[in-house]
Every structure is written in structure tokens, then in C-alpha cells.
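# Analysis of the macromolecular model
Take a look at the letters that make up each chain.
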Amino acid sequence: MKLVKLLGVFLLTLVFVAPAGAQEKVLKVGSLGPFTGPAARTGEEFKKAINMVFEEIDYKVGDYKIEFVWVDSESDAEKGARAYEQAIVKDKIDVGYGGWHSWVSLSCMEVAAKYKIPHFFAFGVGSEVNDKYNADPEKYKYWVGKGWPTAFKLSQGYVDALEDAIAKGIWKPEAKKAAIYGVDNDWGRNFGNSVGKQLEEAGWEVVSYDWVQLGETDFFPLLNKLKRAKVALVIGTMSDPPSVSAFTKQTREVNLKSLVVSDGLGWVGEWYELTGNFSDYILDMIPQWTTPKSQEFKAAFTKKYDFEPGPSTAGLCYDTATFFRKVLQTTLEKYGDLTTENITKCAEEMVIPGELTLTEGIMMKEYKYTRETFPDLVVGNDYYMFPVIQYKGGQPSMIWPPHVKQRDIEIPAWAK
């Protein structure tokens, strides 16, 4: 009889205890990025920065375990959208986060809208993302904010810095002639067209616009053409390290007699290993490791992964991932459960109108949206701001705006 009673207690224990272990709450996050392909180095920094953010809380928000599904865009709009849809349908993600390219954002916006999955803080900067959102805010409200404002809101800094150098007599170009180059996609054309218009408004003649394919590494024909045109300024952007480093080296190999802006040269941490002293005097516009918290992150990242992170990649990703983590924590506290519907509600009621912001970041003072700026972040000295920097000897120095300037711009002998 005792044996029967003991067996009964054991069975009851199984009935009441076993289900508790089986009912662990899991939130699946689809993290979008270029994890293979020409921008895989950026994707690698993203993944490592995201892991650092969520390791701090042991991948737990309240009683939810946070599980990441890595969605590889391969830097391709169609492949990215297909992978993102598979993550929703097959992997059953509850929410999305991140991304790098504008063209991937545009295709994945459709997928997020179709399945009503909120997706936070992709870096796709192109104005086309803004245009799509503004054409139907109700449909595209699920694409919750860009982690990088539209190019023209930042690129004016280059023009202001150059005009200041001319006004002070530091730079005396023979003629204000400029050439625009860039990767042939939404990002490259958006940046190039924006800064071209801003230069023209400042009295510059833009003599050419040249677009190159993602992954291109032979720029000799283009650079020789620009050399013959005798332009004082060559300004543009490319989004993959092989292209950027090849372009940088070849400007000196053809003896281009122009001041060069390479927006995004320093996006990856080992930019100097890729370019060496060929990068001297080039201008860029990226955040810097200027705060104690950012320097601590850089040191921790380097120690953990044995390579230096880029401030525009791992640094900004760390901040947007921290903001995303804060969104999840706020959703749980305010709405009770981490469901897709509640996370969407937090986005609509808290993030978009600027009720929920991030002031705990390492790269910017405050990340904030408003209904007027959305899907862009607020841009300004106390919010989102990139300084113009100039490289020399592998070191960047801030040259603009005045309140952060470390030194004046230095004009190389060949560009005087």
C-alpha cells in the first residue's frame, strides 16, 4: 500500500512539475543583415555587437528567453526579402531587428507589412524608404524607424567644412569643380545626388556623376577620367570594404590631384589595414569613439573578438540593439506580455512619437524619433550627428563642426 501511495505522489509530481519546464516563454527575433556576400564584414560586426548587448541580460527579458534567428540578406534585395519571409513563415519570428542596405529595407518593408511583423531600426538610409513610408504610413508602420537618417540631413557637413576652409584661405582650389562617384544603388545615388545638389547651391560646378557596381575593384578608368577633368574635389561613397579600399589606393596610384571624400571609408574597424597611408588626407563622416562608454565598448569588443570594431557598424549597432532591448523591456512592463501585437503597440504609442528614447547609448547623446521626423531620427548636436573627419597616419581627426573640431583641415600638396 505504501508503495502504491508513493507511486501516486510521484505521478502527481510529474503531472504538475513537468509542464512548468515545458512552458518556457520564447521571443524569436529575426535579425537582418549581410552575413555573407560583399558586405559580410559589416554583418559580422553586427552579429557580435548584438550578442554583446543581449549577453548583458543573459538573453532574458522578464520571463522571456530571447532567441535570435539570423536572416542573411546577402546584400541582395530579392534574396533578403525571401530570407525574411522564410524567417516569418518557417522560423516563426515574432519581431524583426536591424539591417544594412536601403534596397534590402525597401523589399523587406513589404514583407513586414504583409505579415504585420514590427521591424526595428534598420540602417537603410535611402530617402526611398521615407517615400515609401510616407505614401502609406498605416501599411508601413511596421518598419519602425531607421537607424541612420537620410543622407542629405548629414552630407551638408562636408560642404560646410570645405566652404569654411576656402573662406579661411586654407584651401585655394583653382576652380570649384567637383565630381561625384558612388555605388550604383539606393544608398550611393541618394548620397551622391544629395551632396551634388548641396555643392551646386554653394557655387560648385558638378562636372560628372559616375556609378559603379557593388564589389567593383578596378577604378583606374574612372580615376584617369577625373584626373583629365582637373576637378578640385572628388566626393562619393561605396558600401563594401573591397571597393572602398581599392578606390582609396588607386586615387594615389594614378596621382589624382584632387581632394577626396570617401564617405564610409572607416565603416569597418580594419580600414587602415586595408588602405595604409593611401588613406592620408581623405575626408569621411562617421561617429568617433569620443565618450568613455564608447571607448570601453571598443576595448571590450577588441578583447573578446580579437579585432577592432568600426564605430559606424559595431558602435551604432550596439546602440540600436540597446534601444531595441529597451523597447522589449518597456513592452513587457507597460503592456504585460511580449507579443507581436504588444511590441507593435509600443512602437506606435511610445517609439514613433518620441515618448521612448535612448539616452544610454555609447555613440550619440540621444536617439529619438518624432512624428514629424519619422522614419528618421532627430538630427542635431544633442541627438544624432556625425562629425567630418580627416585621416592621417591611420588616425582620424575631427575637423567639423566647430564645437567638436580637433584641428583644421589639412590640404595635401597635390590638391593645393
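Quick summary incoming for the structure in this document. This structure is a prediction, so every number in the text was calculated from the model and none was measured. (Residues numbered from 1 in each chain as written. Predicted model: local features only at pLDDT ≥ 70, side-chain atom pairs only at ≥ 80, totals over all residues. Heavy atoms only, no water.)

## What about the pairing of strand β12 (residues 388–392)?
When you tally the buried positions in β12, you get four out of five residues, the bulk of the element. By the bridge criterion, three bridges tie strand β11 (residues 283–285) to β12 in an arrangement that is antiparallel. From the neighbouring strand, Met 285 faces β12, where its bridge partner is Val 388. Here β12 pairs with strand β13 (residues 395–400) via five bridges, running antiparallel. (Buried < 20%, exposed > 50% of the residue type's maximum accessible area, 1.4 Å probe, protein only. Helix = DSSP H or I, 4+ residues; strand = E, 2+ residues; numbered from the N terminus. Pairing = 2+ DSSP bridges.)

## As for the packing of helix α7 (residues 152–167) against helix α8 (residues 186–201)
Between α7 and α8, the least distance of the axes is 9 Å, while the angle of their chain directions is 45°. Considered as vectors, α7 and α8 are oriented oblique to each other. The hand of the α7/α8 crossing is right-handed. Of the residues in α8, those touching α7 at Phe 152, Ser 155, Gln 156, Tyr 158 and Val 159 are Phe 191, Ser 194, Val 195, Gln 198 and Leu 199. Of the residues belonging to the contact of α7 with α8, the class tally is six nonpolar, four polar and no charged. (Axes fitted to C-alpha atoms, helices over the stretch in contact; angles between N-to-C directions. Parallel < 35°, antiparallel > 145°, perpendicular 65-115°, else oblique. Left-handed = near helix turned anticlockwise from the far one by under 90°. Contact = heavy atoms within 4.5 Å. Nonpolar A, V, L, I, M, F, W, Y, C, P; charged D, E, K, R; others polar.)

## A word on the environment of Val 111
When you line up the elements, Val 111 lands in helix α4 (residues 102–115). Given the relative accessible area of 8%, Val 111 is considered buried. For the pair Val 111 and Phe 152, spaced 41 residues apart in sequence, the C-alpha to C-alpha distance is 27 Å. Setting aside chain neighbours within four positions, we find Val 111 in contact with Ala 81, Tyr 84, Glu 85 and Ile 88.

## Side note on helix α2 (residues 40–55)
Along an α-helix, residues three or four apart share an orientation, since each turn contains 3.6 residues. Look at α2: 22 Å from first C-alpha to last across 16 residues, which is about the 22 Å you get at 1.5 Å a residue. Summarising burial for α2: twelve of the 16 residues are buried, a large majority. Buried residues of α2: Arg 41, Thr 42, Gly 43, Glu 45, Phe 46, Lys 48, Ala 49, Ile 50, Asn 51, Met 52, Val 53 and Phe 54, and no others. Residues of α2 that are buried sit in contact with β1 (25–33), β3 (64–72), β4 (95–97), α10 (241–253), α12 (292–305) and α13 (311–335). (Expected span 1.5 Å × (residues − 1).)

## Concerning the environment of Met 364
Inspection of the secondary structure puts Met 364 in the loop between α14 (340–351) and β12. The buried category is assigned to Met 364, whose relative accessible area is 7%. Linking Met 364 and Asp 63, residues 301 residues apart in sequence, is a C-alpha distance of 30 Å.

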